[in-house]
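# Remarks on the overall topology
Take a look at the letters that make up each chain.
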Amino acid sequence: HSLTESGEHLPSVSMRVGALKVRAMLEGIKPGSNLDESNYEDALEATLTDFELYDLANDPGETRPLPLEGSPLPDQLRQAYRAAVEDFHIWPAVGQ
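The sections below set out a description of the structure shown in this document. Given the structure is predicted, the values throughout are model-derived calculations rather than measurements.

### Concerning the pairing of strand β1 (residues 12-17)
- In this structure, β1 lies alongside strand β2 (residues 20-27), joined through six bridges in antiparallel fashion. From the neighbouring strand, S12 faces β2, where its bridge partner is M25.
- The antiparallel pairing of β1 with β2 creates a hairpin that spans two residues between the two strands, and G18 there sits at a positive phi of about 60 degrees.

### Some thoughts on the nonpolar core
- Residues V13, V22, L26, L48, F51, L77 and Y81 are the most contacted members of the largest nonpolar core, which totals 15 residues.
- Elements with a contribution of two residues or more to this core: β1, β2, β3 (47-55) and α2 (73-87).
- Ignoring any residue separated from it by four or fewer positions in sequence, one finds L77 in contact with V13, S14, M15, V22, R23, A24, L48 and F51.

### Some remarks on the sheet that holds β1
- The strand order β1-β2-β3 describes an open sheet built from three strands, whose pairing is antiparallel. Because the sheet does not close on itself, it has two edges, and the strands there are β1 and β3. Strand-to-strand twist across the sheet, computed as the mean angle between neighbouring axes with direction ignored, equals 20 degrees.
- Of the strands in this sheet, β1, β2 and β3 are in contact with α2, which crosses β1 at around 115 degrees.

### Describing the side chain of D59
- Mapping D59 onto the fold places it in the loop between β3 and α2.
- Side-chain polar atoms of D59 contact the backbone nitrogen of R64, separated by 2.6 Å.
- Sequence-distant contacts of D59, defined by excluding residues within four places in its chain, comprise Y54 and R64.

### Considerations on α2
- Along its 15 residues, α2 runs 21 Å from first to last C-alpha, staying within 8% of the 21 Å computed at 1.5 Å per residue.
- Within the span of α2, buried status applies to L73, P74, L77, Y81 and V85. Seen along its axis, α2 keeps its buried residues to an arc of 95 degrees; they face one direction. In α2, the exposed residues that point more than 90 degrees away from the buried face are Q79, E86 and D87.

### What to know about unusual backbone geometry
- If you check the backbone angles, D50 has positive phi at about 50 degrees while not being a glycine.
- One can find D50 in strand β3.
- For D50, a relative accessible area of 58% puts it in the exposed group.
- Of note in the backbone geometry, E62 takes a positive phi value of approximately 50 degrees without being a glycine.
- Inspection of the secondary structure puts E62 in the loop between β3 and α2.

The rules behind the values
- Residues numbered from 1 in each chain as written.
- Predicted model: local features only at pLDDT ≥ 70, side-chain atom pairs only at ≥ 80, totals over all residues.
- Heavy atoms only, no water.
- Pairing = 2+ DSSP bridges.
- Helix = DSSP H or I, 4+ residues; strand = E, 2+ residues; numbered from the N terminus.
- Core = buried A, V, L, I, M, F, W, Y, C linked by side-chain atoms within 4.5 Å.
- Buried < 20%, exposed > 50% of the residue type's maximum accessible area, 1.4 Å probe, protein only.
- Contact = heavy atoms within 4.5 Å.
- Axes fitted to C-alpha atoms, helices over the stretch in contact; angles between N-to-C directions.
- Polar contact = N/O pair within 3.5 Å; in protein donor to acceptor, adjacent residues only side chain to side chain.
- Expected span 1.5 Å × (residues − 1).
- Arc of directions from axis to C-beta.

Below you can see the structure in the form of structure tokens.
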């Protein structure tokens, strides 16, 4: 998983289909932040970028990305993310 220079996790989402896992970075969400009422609008407008595809049966450590060309999984992840973020429970922001 990607980290900033200061060690914060970069926001990402992933999805598994059988042994395949697709992951994407969430552009538009502040590193290290939780998804709550303070950034719900950012979550709605976030863009999925930098997709990676792995075969976990043969590469459980996710060290050898597979080619994305022709894979339907990036589009499936975009659709699943959009559906989830539009329907998720919005938690109160911590400390507010």
